[in-house]
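Below are the chains, spelled out letter by letter.
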Amino acid sequence: MAEFADSKTGLAGVAAAAKQAPNSGKGGRGLPPVHLWHPAHCGEIDIVIRRDGLWMHEGSPIGRAELVRLFSTVLRKDDGGYVLVTPGEKLSIRVEDLPFRAVAVERRGESLVFTTDVGDETEAGLEHPICVETDPETGEPSPSVHVRADLWARIARAVFYELVEMAGVEDGRLTVRSGGVAFALGPVGAGVE
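This text gives an overview of the structure that appears in the document. (Residues numbered from 1 in each chain as written. Predicted model: local features only at pLDDT ≥ 70, side-chain atom pairs only at ≥ 80, totals over all residues. Heavy atoms only, no water.)

**So, the nonpolar core**
The nonpolar side chains of a soluble globular protein tend to be buried with one another. Judged by nonpolar contacts, the single largest core of 45 residues is most densely connected at Trp55, Leu75, Ile93, Phe114, Ile130, Ile155 and Leu185. For leucine 75, the residues in contact, after removing those within four places along its chain, are Val34, Ile49, Trp55, Tyr82, Val83, Leu84, Ile93, Pro99, Phe100 and Leu151. (Core = buried A, V, L, I, M, F, W, Y, C linked by side-chain atoms within 4.5 Å. Buried < 20%, exposed > 50% of the residue type's maximum accessible area, 1.4 Å probe, protein only. Contact = heavy atoms within 4.5 Å.)

**A closer look at the environment of valine 118**
With respect to the element layout, valine 118 can be found in the loop between β8 (111-116) and β9 (121-123). Here the alpha-carbon distance between valine 118 and alanine 102, two residues 16 residues apart in the chain, equals 9.1 Å. (Helix = DSSP H or I, 4+ residues; strand = E, 2+ residues; numbered from the N terminus.)

**Thoughts on the sheet that holds strand β12 (residues 151-155)**
Taking strand neighbours across the sheet as the criterion, the six strands line up as β9-β8-β7-β12-β11-β10 in an open arrangement whose pairing is mixed. The open sheet has two free edges, formed respectively by β9 and β10 (130-134), since each of these has just one partner strand. Between one strand axis and the next, the sheet turns by 40° as a mean value, whatever way the strands run. Here five bridges tie β10 to strand β11 (residues 141-148), and the two strands are oriented antiparallel to one another. (Pairing = 2+ DSSP bridges. Axes fitted to C-alpha atoms, helices over the stretch in contact; angles between N-to-C directions.)

**Here's the deal with unusual backbone geometry**
For glutamate 58, which is not glycine, the phi dihedral falls at a positive 50°. As for its placement among the helices and strands, glutamate 58 is situated in the loop between β2 (55-57) and β3 (60-61). Judged by relative accessible area, glutamate 58 falls into the exposed class, the value being 52%. Even without a glycine there, the phi angle at alanine 149 is positive, about 45°. Summarising the element assignment, alanine 149 is placed in the loop between β11 and β12. With a relative accessible area of 68%, alanine 149 lands in the exposed category.

**So, helix α3 (residues 157-166)**
Among the residues of α3, Val159, Phe160, Leu163 and Val164 are the ones counted as buried. Along the axis of α3, the buried positions cluster into a sector of 150°, meaning they face one direction only. Among the exposed residues of α3, those pointing more than 90 degrees away from its buried face are Ala158 and Glu165. (Arc of directions from axis to C-beta.)

Spelled out as structure tokens, the structure:
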């Protein structure tokens, strides 16, 4: 990333602004208030979040997990698509599917807590639903969980299998409960068993 060292805009500018953004929460792992920032749109930056969760810049993977985590904290979905936003600029990026992957789940008391590929934790419930769409042609489930604002995580296949193992049957559907809410994973016998 040395080629960005002198840049005030683009990738280095976003990284520098994100590092200086006010955080909330413990240990600096909080999130900056991107919902309050409304700078002018500055164009696009060649960042793609691939379907498999890999963040790419100009065709190469962003290899530093800390940098990906930093960018994820200034990610927002606007009407025109996904953007990296700081108090001073807003740059469009491309997201092939959903911006995050839910790579782990654990039961904590009465709740299911998902961990994303960028280190966020989200507790499924009324404000953070689990949604399972089904491909009408293949019957393949496409599960996701709400993370924050209008950002969702695709639930990894192995994690979905864990949910299926935790599920009970309610009204002919495999169902998990979290935060007092029932979430249907799919009909019994429809390829989610």
